[in-house]
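Fold and geometry: a report
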Amino acid sequence: MTPPRAISIRLAEPRDAAAVAMMSRDFVEAGLGWKYDAGRVLKAIRDRDTLAAVACESGKAASAAASTASPVKGGALTGFAIMEFGDERAHLVLLAVRPSHRRLGIGQRLLEWLLESARTAGMASIHLELRAGNDAARRFYRAMGFYETVLVPGYYRGGEGRKEGALRMLRVLRVPGAVAYTWRPPRTEDT
């Protein structure tokens, strides 16, 4: 495993789309059908109202892993996140970390990066859905300040007509409504 300090977070680039799509298929959408293929991920990366970030290994250890873990140049992709921005609400669409790199703080770093971006963009809240039975993700999001809002039965549809419930979660960043204008020009003294 790679120590957390050897992981860098950056904006996703078009060259990352295939690797992100494969991670989504394998670690998020497994058993549900594959919606976030390379084309859809590429569209998200290019969308001005969507923020896509990736976590990559960096340094000497990454060169060997990069050749086997993903085709991404400059280090193996270890995690990713995609968040859509609205007027006041952001929606965390996907977040995943390779199983071999979990519990190293990569997911936390990705989410903190997105939280700061959402605050900077003036978002009032961040919403997400996760599989109702995904206890590890549920604990992770609770630890990151999200709370559960509603259980939606049959939200996810898998193969053979299988349905799975989703748990919606929310994190409030500020009171909804107009953002107060807080900047004031510097005072000048009359002499």
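Since this is a predicted model, take the numbers as computed values, not measurements.

Our focus in this paragraph is unusual backbone geometry. The backbone phi angle of Arg103 is positive, close to 65 degrees, even though this residue is not glycine. Considering the arrangement of structural elements, one finds Arg103 in the loop between strand E4 (89–97) and helix H4 (106–120).

On to helix H2 (residues 38–46), then. Where H2 is concerned, the buried positions are Val41, Ala44 and Ile45. Down the axis of H2, the buried set is contained in an arc of 100 degrees. They therefore lie on one face. Facing away from the buried side of H2, by more than 90 degrees, are the exposed residues Gly39, Lys43 and Arg46. Among the structural elements, helix H1 (17–28), strand E2 (50–57) and strand E3 (77–85) are those in contact with the buried residues of H2.

Another aspect to go through is the packing of H1 against H2. Look at H1 against H2: their axes get within 8 Å of each other, and the N-to-C directions meet at 120 degrees. Here H2 runs oblique to H1, going by the angle between their axes. As H1 runs across H2, the sense of the crossing is right-handed. Two secondary-structure elements touch here, H1 through Ala17, Ala18, Val20 and Ala21 and H2 through Ala38, Val41, Leu42 and Ile45. Here the residues of the contact of H1 with H2 are counted per class, giving eight nonpolar, no polar and no charged.

With that settled, consider the confidence of the model for the chain. When pLDDT is averaged along the chain, the result is 84, and 81% of the positions lie at 70 or above. Segment residues 60–73 is flagged for pLDDT under 50; beyond a separation of four residues in sequence, or across chains, it makes 23 contacts in the model.

Before going further, it helps to examine the pairing of E3. Counting buried residues along E3, eight of its nine residues qualify, which places the element largely inside the surrounding structure. Relative to E3, E2 runs antiparallel, the two being bridged by seven bridges. Each residue of the ladder has a partner; that of Val54, found in E3, is Phe80. With seven bridges joining them, E3 and E4 adopt antiparallel strand pairing. Among the inter-strand pairings, Gly79 is bridged to a residue of E4, identified as Val97.

Looking now at the packing of aromatic side chains. A full pass over the atoms with the stated rule returns three aromatic pairs. On the numbers, 5.1 Å between centres and 65 degrees between planes, the contact of Phe140 with Tyr141 is edge-to-face. Here Tyr141 and Phe146 contribute two aromatic rings whose centre-to-centre distance is 5.6 Å and whose plane-to-plane angle is 75 degrees, an arrangement assigned as edge-to-face. Both residues of the pair, Tyr141 and Phe146, count as buried. Ring pairing ties together the aromatic residues Phe140, Tyr141 and Phe146, which thus form one cluster. Above the face of the Trp34 ring, Arg25 is positioned so that its terminal group lies 5.2 Å from the ring centre.

The rules behind the values
Residue numbers here run from 1 along each chain, matching the order of that chain's written sequence. Where totals are concerned, whole chains, interfaces and linings use all residues; where local detail is concerned, this predicted model gives features only for residues with pLDDT of at least 70, and gives and counts side-chain atom pairs only at 80 or more. Note that the side-chain values use all heavy atoms of the structure and ignore hydrogens as well as water. Where helices and strands are cited, they refer to DSSP runs of H or I of at least four residues and of E of at least two residues respectively, numbered from the N terminus. To sort residues, take the accessible area from a 1.4 Å probe on protein chains only and compare it with the maximum for the residue type: under 20% means buried, over 50% means exposed, and anything in between is partly exposed. Note that the arc is computed from the directions linking the helix axis to the C-beta atoms. Only heavy atoms matter for contacts: two residues are in contact if any of them lie within 4.5 Å across the pair. Orientation is described by axes fitted as lines to C-alpha atoms, over the contacting stretch for helices, and by angles from 0 to 180 degrees between their N-to-C directions. For classification purposes, angles smaller than 35 degrees are called roughly parallel, those larger than 145 roughly antiparallel, those between 65 and 115 roughly perpendicular, and all remaining angles oblique. In this scheme, a crossing is called left-handed if the near helix is turned counterclockwise away from the far one by less than a right angle; it is called right-handed if the turn is clockwise. Lys, Arg, Asp and Glu make up the charged group, whereas Ala, Val, Leu, Ile, Met, Phe, Trp, Tyr, Cys and Pro make up the nonpolar group; the residues left over, Gly among them, are polar. pLDDT runs from 0 to 100 and stands for how confident the predictor is about each residue. Note on pairing: two strands pair once DSSP finds at least 2 bridges between them. For Phe, Tyr and Trp, rings pair up if their centres lie within 6.5 Å, where Trp contributes its six-membered ring, and each pair is then called stacked (planes under 30 degrees apart), edge-to-face (over 60) or tilted (otherwise). Should the NZ of a Lys or the CZ of an Arg lie within 6 Å of a ring centre and within 35 degrees of the ring normal, that charge is described as sitting over the ring.

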